[in-house]
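Survey of secondary and tertiary structure
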Amino acid sequence: MDNNNLETITFGGGCFWCVESCFNMLKGVQSAISGYSGGHKDNPTYEEVCTGETGHAEVVQITYNPAIISYEQLMDVFFFLHDPTQLNRQGNDIGTQYRSVIYYKDDAEKLKAEEAIKTSDASGRWTGTYVTELAPFEKFWAAEQYHQGYYNVNPNQPYCSAVVGPKIQKFKKHFGELGMLTDSE
């Protein structure tokens, strides 16, 4: 992949284990890294973020080639993977660290994010009012190494087998049919 034309996007859609795993399967995505954004503490740890007191969200920072996968396609995947109508939670994961959030780098990206929210809302995929937060990107802190590729290493961990695995299978079926997955998927 030509590294000169890569872009990044950072967003949170609940537990980062599932979001990261899915985005790493997409054609045009160079990397999806689990981490934290939106808080007030430098170098937060997972344990600190889990308290909800640092203000961070669990996020994934995606580096991608826009000539292969568009911002709009990434947003479609983002809204497929989580329920943007649940405030500060995704299923049984409850707390501000699990909020639905898109971090934008400039006004143009903010407009694209607003448009993506409208498009997803109009699709009727989710019922209820969207609560996805739009916030300026400030800083991304990579999560601890053991969180990177967590599902791939721990598919039989109870949370992974009960929650992450079924979500990944649904993702693979849908986006595989659209031809968006790498050949290894």
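Within an unreviewed UniProt entry, the label attached to the chain reads Peptide methionine sulfoxide reductase MsrA, and the organism entered is Chryseobacterium aquaticum. Annotation of the chain in UniProt includes, under Function (unreviewed entry), the sentence "Has an important function as a repair enzyme for proteins that have been inactivated by oxidation. Catalyzes the reversible oxidation-reduction of methionine sulfoxide in proteins to methionine."

Regarding the UniProt feature "domain: Peptide methionine sulphoxide reductase MsrA" (unreviewed entry) in the chain
Those places that UniProt annotates as "domain: Peptide methionine sulphoxide reductase MsrA" (unreviewed entry) correspond, in this numbering, to residues 8-160. Secondary structure across residues 8-160 divides into 31% helix and 25% strand, with the first and last C-alpha atoms of the span separated by 26 Å.

Considering the environment of Lys-27
Among the secondary structure elements, Lys-27 is positioned in the loop between α1 (16-23) and β2 (29-37). Given a relative accessible area of 36%, Lys-27 falls into the partly exposed group. Between the C-alpha atom of Lys-27 and that of Met-180, which follows or precedes it by 153 residues, the distance is 5.7 Å. Aside from chain neighbours lying at most four places away, what touches Lys-27 is Ile-68, Ile-69, Gly-179, Met-180, Leu-181, Thr-182 and Asp-183. From its side chain, Lys-27 meets the backbone oxygen of Gly-179 in a polar contact 3.1 Å long.

A few points about the state of the cysteines
With the rule as written, the count across this model stands at zero disulfides. A disulfide-free cysteine, Cys-18 has its sulfur positioned 4.1 Å from the sulfur of Cys-22, the nearest such atom. Accessibility expressed as a relative area gives 5% for Cys-18, which makes it buried.

As for the pairing of strand β7 (residues 133-136)
Sheet topology note: the strand β6 (residues 100-104)/β7 ladder contains four bridges and is parallel. The residue of β7 that forms the bridge with Tyr-103 is Ala-135. In this view, the connection linking β6 to its parallel neighbour β7 by way of helix α4 (residues 107-123) has right-handed handedness.

Cut-offs and rules
- Residues numbered from 1 in each chain as written.
- Predicted model: local features only at pLDDT ≥ 70, side-chain atom pairs only at ≥ 80, totals over all residues.
- Heavy atoms only, no water.
- UniProt positions renumbered as here; feature names shortened; annotations may be inferred.
- Helix = DSSP H or I, 4+ residues; strand = E, 2+ residues; numbered from the N terminus.
- Buried < 20%, exposed > 50% of the residue type's maximum accessible area, 1.4 Å probe, protein only.
- Contact = heavy atoms within 4.5 Å.
- Polar contact = N/O pair within 3.5 Å; in protein donor to acceptor, adjacent residues only side chain to side chain.
- Disulfide = S-S within 2.5 Å.
- Pairing = 2+ DSSP bridges.
- Right-handed = clockwise from strand over helix to strand, strands pointing away.

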